[in-house]
Amino acid sequence: SSVRESPASPAAPLAGPRRHRGRARLCRGRRGRRWRSVACSCVRGRAMNGVASPENADPRDPRNRFSDDSFDGVNIQPRDKDSQKYKAVQDKDGGWYAQGVRLQTDKISLVNRRLQSIEPQEAEVQTMSASELLGGEPEVDEAALLDFLRTVLPAVEHELGVAWNSMPAFDAYEPLWDDAGETCELTQQVWKEGLVDLQVCSIAWNITGAMLAASFGRLNTLGWCDASAPVCLWNVFRPQLNPGEPDLVIEINGFVMCLAFHPTQPGLLAGGTYNGELMIWNTASGDLDPLVASSSIDDYFHREAIQAVQWIPADLSGGADAYLLATVSGDGKVLIWDARENDLSYPSRGFMLMSSGSKKRVLGGRSLTFSPLDPWLFVVGCETGVVIRGFRPPPGASLGKPSGQYLWKPSAIALLDQLTANSVRLQLQHHVEAYCRTAGVKEVTAEVVFQSKPDPATLFPEPRRTDLEPHHAPVSVASFSPFHRKLLMTGSVDGSLKLFDVLQQRAVMTFFPPTKHLSTCAVSTASWSCSRPCVFAVAMEMGGVYIYDLMQSRQEPVLELPLTVSGSQKVTSLQFNPKMLRLLSVGDENGRVRVFRLPFKLSEPQKTEVAFLGQLMGNSKADKAEK
């Protein structure tokens, strides 16, 4: 609405029109709501300070230019005249009445659009083939090409040799890495809520370096085991990680002494229990019970705690499934299992550990390692301190089926083929066939061979062996270097750590990690670095984890992990991460698993490190020969 201006007096010139806003009142009733216009009262020109007389009226006063007036209100019509103006609404009493529809503007919406974006595209530059360019298939003179290659081959080999032996252009170049930290810090700590008085028995990283597995138990258990402890897995790099709640918990009847992930399948985990059972779990299956296979307890299997388990190549094909499992126990057996064929129903091969003296006695195994570069070579550390270097014959041609009235299956023939002596082979064959005649069995399988109860010394002969320089106490750890096929590390309860060239009986180097008292000097575990050939870590049973770098010092450790600020110092297991090379995980007696990030210099490979290690082993052997 507006205010109309009164006619101006001739003596009062107009300064221009002035408008006022009208008012409209919204009235709501049972019949809806409607607009009622209210007249606007303009400013009273002559009643502000009383009525002014025409004689003394100031023509410049704006109050003299307006007069009172009233008029009808103005209705604002909607833009869309055909839209519905009322709607039927039912009240609480059940009556219907018309309610006006509120007219509103459209909702403002926001849309994000990329204004500056780059979308790469690929385009062929040379779209014509060789035949199209030449107008036909190219003609190649194979004889001329071969003569040319024979002519230039000596010169090319000479230049390659000169380039290899010459000083590279960037040999002295050392990049300045942004994350080249020089401190050791704790990055993660995980545990299982609710576990009381349980230690970490073993830890393992899978091949991707993302999943961490830990087994819990009581390492001081003697005799019958009445405790049960789980195997727990964490994805320690998950953003919403709850340190006290594992991603997967595997309940075990008893507890697991050792763990090992499959070398190529990240979800496949093997473990050896205190009761002597070997188990395989598929942790990536998502099942409530991820158990894939399990061995039994028998005179021909392990009857004591499995101390070590390791995946080994079945042959040199390098296939993803071409792996076997090797275990060692305190009962003196080294057993090799093939889960691909029999689901751990029986071992496919085995060896008995016997003393080398005139009086043969069983040697209990404490540690086991197979060379990653020579899968037929293995080393066993015994409870008496003896270090045995053994060989397992590679799979060869079968000698064929035994002749006779019984049908020998391939699984049974494989057990015969592992016996190298013909007399022993015939002895086992006659024993099994005698059992088949008594039991009425016509087909001989591997199960039948074990059911016949042959002499364990016949079925599991001694390996071809050589004894290395022994320790004075049980050998708690034995580990081949992943970079050098002949380099072996052994640690013992006597407090010493030895490096061997497995072709030599005497140790190349001997270390004695720091300890406060001689009575607390036992080595609990040790591990090679996955990135540095000269770096390894040693854990002491009564406290302390020490990192050695042979390029910096041949006697003293270069770093001690800061265990005191984050938990217990008594470490029971440790392992380097195979992918994130700066990470080292340790498990302690309080049931905690901690992950440390090592300094950059202890994880970045050096250019001449492998050559330095070979030279170091050669110099050490020369020094011992002079002595």
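Values in this document were obtained by computation on a predicted structure and should not be read as measured data.

(A) Summary view of the overall build of the protein chain. Secondary structure summary: the protein chain contains eight helices and 34 strands in total. Evaluated residue by residue, the protein chain yields a buried proportion of 41% over its 627 residues. In the protein chain, the proportion of contacts linking residues at least 24 apart, taken out of those at least 6 apart, comes to 54%. Summed over all atoms, the accessible surface of the protein chain reaches about 36,800 Å², with 51% contributed by carbon and sulfur.

(B) View of the side chain of E433. Relative to the helices and strands, E433 is located in helix 5 (residues 422-439). At 4.8 Å, R437 is the nearest oppositely charged side chain to E433, a buried residue that forms no salt bridge. Excluding its chain neighbours within four sequence positions, the residues that come into contact with E433 are S403, Y406 and W408.

(C) Structural context of helix 4 (residues 410-417). Along helix 4, the residues that are buried comprise A412, I413, L415 and L416. Angularly, the buried residues of helix 4 cover 155° about the axis, an arc narrow enough to put them on a single face. Buried-residue contacts for helix 4 involve strand 21 (407-408), helix 5, strand 22 (443-444) and helix 6 (446-451).

(D) The nonpolar core, seen in detail. Core analysis: the largest hydrophobic core is formed by 37 residues, its most contacted members being W311, L325, W408, V444, V449 and F450. Not counting chain neighbours up to four residues away, the residues in contact with L325 comprise A270, L278, I280, V309, Q310, W311, L335, I336 and W337. Of all hydrophobic cores here, the second largest spans 23 residues; its members include V190, L198, L212 and V595.

(E) Summary view of the pattern of salt bridges. The final tally for this structure, using the stated rule, is 15 salt bridges. Within this structure, K360, E462, R465 and D467 form a network of salt bridges that share partners.

(F) Quick peek at the packing of aromatic side chains. Per the counting criterion, the structure on display carries 12 aromatic pairs. Seen from their ring centres, W528 and F536 are 5.5 Å apart, and the 70° between their planes marks the pair as edge-to-face. The same class applies to W528 as to F536, namely buried. Considering the side-chain rings of F536 and Y548, the 5.2 Å spacing of their centres and the 10° angle between planes classify their relative orientation as stacked. Highlighted residues: F536 in strand 29 (residues 535-540) and Y548 in strand 30 (residues 545-549), separated in sequence by 12 residues. For F536, a relative accessible area of 0% translates into the label buried. Overall, the relative accessible area of 0% leaves Y548 in the buried class. Members of the aromatic cluster, connected to one another through ring pairs, are Y300, F301, W337, Y346 and F450. Here R592 stacks its cationic end above the ring of W191, 4.0 Å away from the centre of that ring.

(G) Representation of the sheet that holds strand 10 (residues 256-261) in the model. Strands sit in the order 10-11-12-13 across an open sheet of four strands; the sheet is antiparallel. At either margin of the open sheet sits one strand with a lone partner, and together these are strand 10 and strand 13 (291-294). Here the average twist between neighbouring strands, direction ignored, is 20°. In terms of strand pairing, strand 12 (residues 278-282) meets strand 13 through three bridges, oriented antiparallel. Bridge pairing in strand 13 places W281 opposite L291.

(H) Up close: the confidence of the model for the protein chain. Mean pLDDT over the protein chain: 81, with 77% of residues reaching 70 or higher. Per-residue pLDDT stays below 50 along residues 1-52; that stretch engages in 83 contacts with residues further than four places along the chain or on separate chains.

(I) Structural view of the sheet that holds strand 7 (residues 211-217). The antiparallel open sheet is built from four strands, whose spatial order is 6-7-8-9. In this open sheet, the two edge strands, each paired with only one partner strand, are strand 6 (199-205) and strand 9 (248-250). Direction aside, neighbouring strands of the sheet carry axes that sit 20° apart on average. With five bridges joining them, strand 7 and strand 8 (residues 231-235) adopt antiparallel strand pairing.

(J) Here's a closer look at unusual backbone geometry. Backbone geometry places D197, a non-glycine residue, at a positive phi of 60°. Within the secondary structure, D197 sits in the loop between strand 5 (185-190) and strand 6. The backbone of K453 sits at a positive phi, close to 55°, despite the residue not being glycine. Tracing the backbone shows K453 in the loop between helix 6 and helix 7 (456-459). A relative accessible area of 45% means that K453 is categorised as partly exposed.

(K) Structural context of helix 5. The end-to-end C-alpha distance of helix 5 is 26 Å, a good match for the 26 Å that 18 residues give at a rise of 1.5 Å each. Buried-residue contacts for helix 5 involve strand 21, helix 4, strand 22, helix 6 and helix 7. Of the residues trailing helix 5, G440 is marked for its positive phi of about 75°.

Calculation criteria
Residues numbered from 1 in each chain as written. Predicted model: local features only at pLDDT ≥ 70, side-chain atom pairs only at ≥ 80, totals over all residues. Heavy atoms only, no water. Helix = DSSP H or I, 4+ residues; strand = E, 2+ residues; numbered from the N terminus. Buried < 20%, exposed > 50% of the residue type's maximum accessible area, 1.4 Å probe, protein only. Contact = heavy atoms within 4.5 Å. Areas by Shrake-Rupley, 256 points an atom, 1.4 Å probe, with all protein chains shown as cover. Lys, Arg positive; Asp, Glu negative; His and termini not counted. Salt bridge = Lys/Arg side-chain N within 4 Å of Asp/Glu carboxyl O. Arc of directions from axis to C-beta. Core = buried A, V, L, I, M, F, W, Y, C linked by side-chain atoms within 4.5 Å. Phe/Tyr/Trp six-rings, centres within 6.5 Å; stacked < 30°, edge-to-face > 60°. Lys NZ or Arg CZ within 6 Å of the ring centre and 35° of its normal. Pairing = 2+ DSSP bridges. Axes fitted to C-alpha atoms, helices over the stretch in contact; angles between N-to-C directions. pLDDT = per-residue confidence, 0-100. Expected span 1.5 Å × (residues − 1).

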